[in-house]
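Given next are the chains, with one letter for each unit.
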Amino acid sequence: MIEAVIFDLDGSMVDSMWMWRTIDIEYLGRFGITLPEDLQACIEGMSFSETAVYFKERFHLPDDLDTIKAEWNRMAWDKYAYEVPVKDGVVELLQYCMDNGLKAGIATSNSRELVENVVKMRGMQQYFECIMTGCDVAKGKPAPDIYLAVADKLQVQPENCLVFEDIIPGIMAGKAAGMKVCAVYDKYSEHQDAEKHRLADYYTYHFRELMEEGVLV
């Protein structure tokens, strides 16, 4: 029985995965570094802080970690504000959950500043009882830490939570936490669709499907 839903942010709630490659290209370009083709795969699932450490160590960046993260926040916020839409059906699903007494939380690898700004700007803050980031826990995805922490804050047992995730490390994190996981279609990860179908309990191309099919009841 589902008592709570927990959303990943990027690629699950909002259509933003494309922009991080753009930011990485621009940011590394400032240091004369060409984006390595394996970078996205290497950092997938890492928390914001873990990613900053990885960048600093791999690319020998002169900036300290706080400066790196502050610059990423600045670069990303412009795109979130003007170029990143909420995925179709997300708000309807959140309203459905509220109307039916289901709790909702966010478990994101992104920074707290960005996720809270996105939720506030899109008028969705009333739906979420808990927002946690990978920086709030010991290990980022695919470790289960963040999902277990959100369930604890929501006071719901893990087996009664349904996770929405678009990438494989996130799906693995939700399953490792003992939760049901619904994989979300996203163009960025469509090349992994077969594996996403295999790992997740459900797969959705559009959130309205879940209400129509009674997955949440």
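A few points on the structure. (Residues numbered from 1 in each chain as written. Predicted model: local features only at pLDDT ≥ 70, side-chain atom pairs only at ≥ 80, totals over all residues. Heavy atoms only, no water.)

Attention now moves to the environment of leucine 39. Within the element layout of this structure, leucine 39 appears in helix α2 (residues 39–43). In this structure leucine 39 comes out as buried when scored by relative accessible area, which is 0%. In this structure, the C-alpha to C-alpha distance between leucine 39 and aspartate 24, residues 15 residues apart in sequence, is 9.1 Å. Ignoring anything within four residues of it in the chain, the contact list for leucine 39 reads Asp24, Leu28, Tyr54, Phe55, Arg58 and Phe59. (Helix = DSSP H or I, 4+ residues; strand = E, 2+ residues; numbered from the N terminus. Buried < 20%, exposed > 50% of the residue type's maximum accessible area, 1.4 Å probe, protein only. Contact = heavy atoms within 4.5 Å.)

Residues Tyr80, Phe128 and Phe164 are the most contacted members of the largest nonpolar core, which totals 50 residues. With sequence-adjacent residues up to four places away left out, phenylalanine 164 is seen in contact with Val5, Ile6, Phe7, Asp8, Ser12, Leu93, Tyr147, Cys182, Val184, Phe207 and Leu210. In terms of nonpolar packing, the next biggest core, distinct from the first, is built from 23 residues, Ala4, Ile6, Cys130 and Ala183 among them. (Core = buried A, V, L, I, M, F, W, Y, C linked by side-chain atoms within 4.5 Å.)

Once that is clear, we can look at the pairing of strand β5 (residues 180–184). The buried fraction of β5 amounts to four of the five residues, a majority that puts the element mostly inside the structure. Across four bridges, strand β4 (residues 161–165) lies against β5 in parallel orientation. Directly across from valine 163, in β5, lies its bridge partner valine 181. Pairing analysis gives three bridges linking β5 to strand β6 (residues 202–204), with the strands arranged parallel. Bridging across to β6, cysteine 182 finds its partner in tyrosine 202. Handedness of the crossover is the feature at issue here: the chain leaves β5, passes through helix α9 (residues 193–199), returns alongside β6, and the resulting connection is right-handed. (Pairing = 2+ DSSP bridges. Right-handed = clockwise from strand over helix to strand, strands pointing away.)

Let's shift gears to the sheet that holds β6. On the basis of which strands lie adjacent, the open sheet formed by six strands has the order β3-β2-β1-β4-β5-β6 and parallel pairing. Across the chains shown, the open sheet's two edge strands, defined by having one partner strand only, are β3 (130–133) and β6. Here the strands of the sheet are splayed against their neighbours by 20 degrees on average, with no regard to which way each runs. Relative to the sheet, helix α8 (residues 168–176) contacts β4 and β5, its axis offset from that of β5 by approximately 165 degrees. (Axes fitted to C-alpha atoms, helices over the stretch in contact; angles between N-to-C directions.)

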